[in-house]
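Residues per chain are reported as follows:
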Amino acid sequence: MQPKKNIVHLPVYQPGKPIDEVKRELGLTEVIKLASNENPFGSSPKAKEAIASLLDQTSIYPDGGAVELTAAVAAHLGVEPNQVIFGAGSDEIILMICRAFLVPGDEMITAWPTFPQYKHNAEIEGAVTIEVPVTADGKHDLDEMIARISDKTKIVWICNPNNPTGTMNTEDEIRAFLKAVPAHVLVVLDEAYAEYNMSGKYPDAVALLKEHANIVLLRTFSKIYGLASLRVGYGAGRAEVIRSINQVREPFNTSSFGQKAAIAALQDNNFIEFCREANAKGIKQLWAKFDELGLPYFDAHGNFVMVDVKRSGSEVFQGLLKKGIIVRHDPAWGYPTMIRVTVGSEEQNGKFLKALEQVLSEVAVS
Ligand SMILES: *Cc1c(COP(=O)(O)O)cnc(C)c1O
């Protein structure tokens, strides 16, 4: 038996350690996880009620077409229902896009560092990923990405705000970019953190959809809506493009619980507003202390901040872990002295900053 050649070298995804395991291993009573950009405020109470209302229906298959949720999201965006598709998280839509559009030998272009799932899924299809390093201030280098487009290019992925750097490309920049992209190339705008954006310069991707046939935008219920465990994300684009992605979709890829909770979450504007405001305050709280400590950081437009701790990022990560704070550091980012921290509640941020200050005094400057 032989699996296909292009997956042999792929790593199995290593999830972060569960909080309970970290507690047990290190003998800690409190552990704060600021590693996966989860919502520190949970989800809307309306979403919880929606889930509770379905508890005696676990034996019934979900609505494979997610009709009610489709109508709700289409209305929310101001597009037609046939322009929307759902996945088990936007992760699954990334997978479906690769499955629908890529054959071995195709090329696609991403930033580097960026969300790893684009390249991962492209490799499974045998496609080649061209990675264009972000600029010195951590943004997608859109000019260079254009320059790397060839006849073989099928997809360009724009992660906006970019994970892990947190930076944003503005509406003007994205518009100029889209004008320069040939019509045979699909542009995926991954906007997992769109609802957090307060800059006033963030692209209106739905308006762009009306001007360009070759765009898909991706959003998720996992971040500001706080429903990561239920696995619901969506894509929106022209009906023809969405139809192609739908052709490779599994029949029951989102659960009844996810669909119902997402509909309820979409309608609770107060909760979203609260989370957006709290997040903006949290970013300022983190930045103020980073300034005091003399630590540089990238601009932040999601619910996370990438900061230069001026010391080995993996040692600072370990030091924080011993104090019960889980952040993220990945050597593959190419920033050996940076860590990414999710914006928590004011109290969590305070505990993180206190622990960070202690760890910085214990780890040598590099
Ligand atoms: C979190 C995240 C996603 C997807 O999350 P799902 O839980 O699969 O919806 C997609 N893109 C980026 C950039 C993310 O950070």
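In what follows, the structure referred to is the one given above.
Criteria and thresholds
- The numbers attached to residues start from 1 for each chain and follow its sequence in the written order.
- Note on the predicted model: pLDDT of at least 70 is required for a residue's local features to be given, and 80 or more for side-chain atom pairs to be given and counted; whole-chain, interface and lining totals, by contrast, use all residues.
- Values shown for side chains rest on all heavy atoms present in the structure; no hydrogens or waters enter the calculation.
- Comment: axis = line fitted to C-alpha atoms, over the contacting stretch for helices; angle = value between 0 and 180 degrees taken between N-to-C directions.
- In this text, helices come from DSSP runs of H or I with a minimum length of four residues, and strands from runs of E with a minimum of two, each type numbered from the N-terminal end.
- An angle below 35 degrees is read as roughly parallel, one above 145 as roughly antiparallel, one from 65 to 115 as roughly perpendicular, and any other as oblique.
- In this scheme, a crossing is called left-handed if the near helix is turned counterclockwise away from the far one by less than a right angle; it is called right-handed if the turn is clockwise.
- Should any heavy atoms of two residues lie within 4.5 Å, those residues are considered in contact.
- Residues are sorted three ways: Asp, Glu, Lys and Arg are charged, Ala, Val, Leu, Ile, Met, Phe, Trp, Tyr, Cys and Pro are nonpolar, and all the rest, Gly among them, are polar.

**Q** Go over the packing of helix α11 (residues 269–293) against helix α13 (residues 346–362), please, and point to the residues and values.
**A** Two quantities define a packed helix pair, namely the angle between the axes and the distance from one axis to the other. At a closest axis distance of 10 Å, the pairing of α11 and α13 adopts a crossing angle of 20°. Looking at the two axes, α11 sits roughly parallel to α13. Crossing geometry of α11 relative to α13 is assigned as right-handed. Touching G282, Q285, L286, K289, F290 and L293 of α11 are E346, N349, G350, F352, L353, L356, E357 and L360, all from α13. Partitioning the contact of α11 with α13 into residue classes produces seven nonpolar, four polar and three charged.

**Q** Outline unusual backbone geometry, listing residues and values.
**A** Following W112, the chain continues to P113 via a peptide bond in cis, the omega torsion being 0°. Mapping P113 onto the fold places it in the loop between β3 (107–112) and α5 (117–124). Residue P164 follows N163 across a cis peptide bond; omega there is 20°. Residue placement: P164 occurs in the loop between β5 (153–159) and α7 (171–180). A positive phi is found at N37, a non-glycine position, where the angle reads about 55°. Among the secondary structure elements, N37 is positioned in the loop between β1 (32–33) and α2 (45–52). In this structure, A66 takes a positive phi of about 45° despite not being glycine. Following the sequence through the fold, A66 ends up in the loop between α2 and α3 (67–77).

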